[in-house]
Protein chains: 2
Amino acid sequence: MAKARHKTSQSHPAYPQASEELSLGPLAGLIGFHLRLAQSASFHAFARRLDGIDVSPGWFAVLALIKENPGVTQTALSRADTRDKSSLTPILDDLERRGMISRERLPSNRRSYSLNLTAAGLALLEDLMKHATAHEHELDQLVGPGGKADLIETLHRIAAAFSQQAVK
Amino acid sequence: MAKARHKTSQSHPAYPQASEELSLGPLAGLIGFHLRLAQSASFHAFARRLDGIDVSPGWFAVLALIKENPGVTQTALSRADTRDKSSLTPILDDLERRGMISRERLPSNRRSYSLNLTAAGLALLEDLMKHATAHEHELDQLVGPGGKADLIETLHRIAAAFSQQAVK
DNA sequence: TATTGTTATACTCTATAACTATA
DNA sequence: TATAGTTATAGAGTATAACAATA
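Residues numbered from 1 in each chain as written. Chains lettered and ligands numbered in written order. Predicted model: local features only at pLDDT ≥ 70, side-chain atom pairs only at ≥ 80, totals over all residues. Heavy atoms only, no water.

Caption draft 1: Spatial organisation of the overall build of chain A. Counting secondary structure elements, chain A contains six helices and two strands. Tracing chain A from N to C terminus, the helices and strands come up as α-α-α-α-β-β-α-α. Scored against the burial criterion, the 168 residues of chain A give a buried share of 46%. Long-range pairs, those at least 24 residues apart, make up 53% of the contacts in chain A with a sequence separation of at least 6. (Helix = DSSP H or I, 4+ residues; strand = E, 2+ residues; numbered from the N terminus. Buried < 20%, exposed > 50% of the residue type's maximum accessible area, 1.4 Å probe, protein only. Contact = heavy atoms within 4.5 Å.)

Caption draft 2: Broad picture of the packing of helix H1 (residues 31-49) of chain A against helix H1 (residues 31-49) of chain B. Contact geometry for H1 of chain A and H1 of chain B: axes closest at 9 Å, N-to-C directions at 140°. By the angle between their axes, H1 of chain A is oblique relative to H1 of chain B. In this structure, H1 of chain A meets H1 of chain B at a crossing whose hand is left-handed. Contacts from Gly32, Leu35, Arg36, Ala38, Gln39 and Ser42 of chain A of H1 of chain A reach H1 of chain B at Gly32, Leu35, Arg36, Ala38, Gln39 and Ser42 of chain B. Considered class by class, the residues forming the contact of H1 of chain A with H1 of chain B number four nonpolar, six polar and two charged. (Axes fitted to C-alpha atoms, helices over the stretch in contact; angles between N-to-C directions. Parallel < 35°, antiparallel > 145°, perpendicular 65-115°, else oblique. Left-handed = near helix turned anticlockwise from the far one by under 90°. Nonpolar A, V, L, I, M, F, W, Y, C, P; charged D, E, K, R; others polar.)

Caption draft 3: Examining the interface of chain B and chain A more closely. Facing 72 residues of chain B, the contacting portion of chain A comprises 72 residues. Where chain B packs against chain A, one counts two salt bridges. Measuring nitrogen to oxygen at the nearest pair gives 2.8 Å for the salt bridge that ties Asp81 of chain A to Arg36 of chain B. Every element with two or more residues in the side of chain B that touches chain A is listed here: H1, helix H2 (57-68), helix H3 (74-80), strand S2 (109-117), helix H5 (119-143) and helix H6 (147-167) of chain B. Counting residues per element, the side of chain B that touches chain A draws most heavily on H6 of chain B, which supplies 15 residues. A breakdown of the residues in the side of chain B that touches chain A according to their chemical character gives 38 nonpolar, 24 polar and 10 charged. (Salt bridge = Lys/Arg side-chain N within 4 Å of Asp/Glu carboxyl O.)

Caption draft 4: Fine view of the pairing of strand S2 (residues 109-117) of chain A. All names here are of chain A. The pairing of strand S1 (residues 101-106) with S2 spans six bridges and is antiparallel. When the sheet's bridge partners are listed, Leu106 is paired in S2 with Asn109. The hairpin formed by S1 and S2 contains two residues between the paired strands. (Pairing = 2+ DSSP bridges.)

Caption draft 5: Broad picture of H2 of chain B. All names here are of chain B. A rise of 1.5 Å per residue sets the reference length of H2, with its 12 residues, at 16 Å; its end C-alpha atoms lie 17 Å apart and thus fit the reference within 8%. Taking burial as the measure, the 12 residues of H2 include 10 buried ones, the bulk of the element. Of the positions making up H2, those classed as buried are Pro57, Gly58, Trp59, Phe60, Ala61, Val62, Leu63, Ala64, Leu65 and Ile66. (Expected span 1.5 Å × (residues − 1).)

Caption draft 6: Representation of the nonpolar core in the model. Among the nonpolar cores identified, the biggest contains 35 residues, and Phe60, Ile66 and Leu77 of chain B are the most heavily contacted of them. Broken down by secondary-structure element, the contributors of at least two residues to this core are H1 of chain A together with H2, H3, helix H4 (85-97), S2 and H5 of chain B. Looking at which element gives the most residues to this core, the answer is H2 of chain B, with eight residues. Discounting chain neighbours no more than four positions away, the residues touching Leu77 of chain B are Leu22 of chain A together with Val62, Leu65, Ile66, Val72, Leu88, Leu92 and Leu115 of chain B. (Core = buried A, V, L, I, M, F, W, Y, C linked by side-chain atoms within 4.5 Å.)

Caption draft 7: Molecular detail of helix H4 (residues 85-97) of chain A. The end-to-end C-alpha distance of H4 of chain A, which contains 13 residues, comes to 18 Å, matching closely the 18 Å that a straight helix rising 1.5 Å per residue would cover. Looking only at H4 of chain A, the buried set comprises Leu88, Ile91, Leu92, Asp94 and Leu95 of chain A.

Caption draft 8: The arrangement of the relation of the copies chain B and chain A in detail. Aligned on chain A, chain B shows an RMSD of 0.0 Å; the corresponding rotation is 180° and the shift along the axis is 0.0 Å. On the angle and the small slide along the axis, the relation comes out as a two-fold axis. Both copies share a contact surface, since 99% of the interface residues of chain B are interface residues in chain A too. (Least-squares fit on C-alpha atoms with pLDDT ≥ 70 in both.)

Caption draft 9: The arrangement of the side chain of Asp81 of chain B in detail. Among the secondary structure elements, Asp81 of chain B is positioned in the loop between H3 and H4. For Asp81 of chain B, a relative accessible area of 2% translates into the label buried. Within the local environment of Asp81 of chain B, its side chain forms a polar contact with the side chain of Arg83 of chain B, the two groups lying 2.6 Å apart. Beyond its immediate sequence surroundings of up to four residues, Asp81 of chain B is in contact with Phe33, Arg36 and Leu37 of chain A together with Ala61, Val62 and Leu65 of chain B. (Polar contact = N/O pair within 3.5 Å; in protein donor to acceptor, adjacent residues only side chain to side chain.)

Caption draft 10: Main features of the pattern of salt bridges. A complete count under the given rule lists 20 salt bridges over all chains for this structure. Of the charged contacts in the structure, one is a salt bridge between Arg97 of chain A and Asp94 of chain A, with a shortest N-O distance of 2.5 Å. Here Arg97 of chain A pairs with Asp94 of chain A, and both are found in helix H4, just three residues apart, close to one helical turn. Given the relative accessible area of 61%, Arg97 of chain A is considered exposed. A salt bridge links Asp94 of chain B to Arg98 of chain B; the shortest N-O distance between them is 2.8 Å. The exposure class assigned to Asp94 of chain B is buried, which follows from its relative accessible area of 17%. Here the residues in one salt-bridge network are Arg36 of chain A together with Asp81 and Arg83 of chain B, joined through shared partners.

Structure follows, in structure tokens:
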């Protein structure tokens, strides 16, 4: 987990287009393209921070959502994190095996699990949160003091708009 | 390729946290979290547009970069798209097999290929560009008229800052 | 020795479909 | 019949390492 390591050797050979940055052409004006590069770079930077901890960036959101919504079910959790419930199962299996979460059948509906953090899970989350905060601090610097709320609102609007489409 | 299909059945059962949106807690304030959701939603929406065309969103950038930088080498291309050269090989193999690109050894450096679009590749790219433009138009609406340049600049700053880190 | 590109391989993330058990 | 969760499986996407050809 969290095993991203790059080695971008900067040589400057003598043939066209290879020594400098490529021209992006129309890509330079596409939000979608920059969204991909920014999220990928940010994700890997966060993963690098988590090196040594055996938890990937995606698991952080799972733990944070359980803490914030005690007793949440797996299906509700998968919806909030916009992935299929079947993608969540192995993650939760692992977190349970490691004693980070508890799963209890709901008496009112014995098909569902009620998910909660254990004390160990809370401690893990708090550790992860420290790294997330440090990472976020870097992002804040890049975005600037006035831009953050706007940026989050815009990103949220994008996510919400296209998620609705997916339902159609 | 481009096979994303969601079915978010909106039932409203009678147990806690399942009927409505979950609380995001601290995640609500994290740029990184919203970056992931926005890019994932936008990516899948674009992929949905490309349904029927046997090319994924990632391949679009490859074709666009080759068009914009005729004769580019594989290593330079992989760098511009921030992925390893070995990830590019199977994509280029496929594009070449389908007659979309040409690969010629550079006389000046016979280790390198010079990549170019064929006529068919250009036609494919133009078709893809129509879909990308339509998708981008949707994003523009969401971002608003004044926000676009700012958003792209911010995303670019994030990508650039963390890519540099990766080199260290 | 260093670099370009290929190959072999593996890991992460995520989805679909069929299943069990409950409702 | 419908829903919650599991299992089996598959397919993108991407990386590392070892390699051949070339520099």
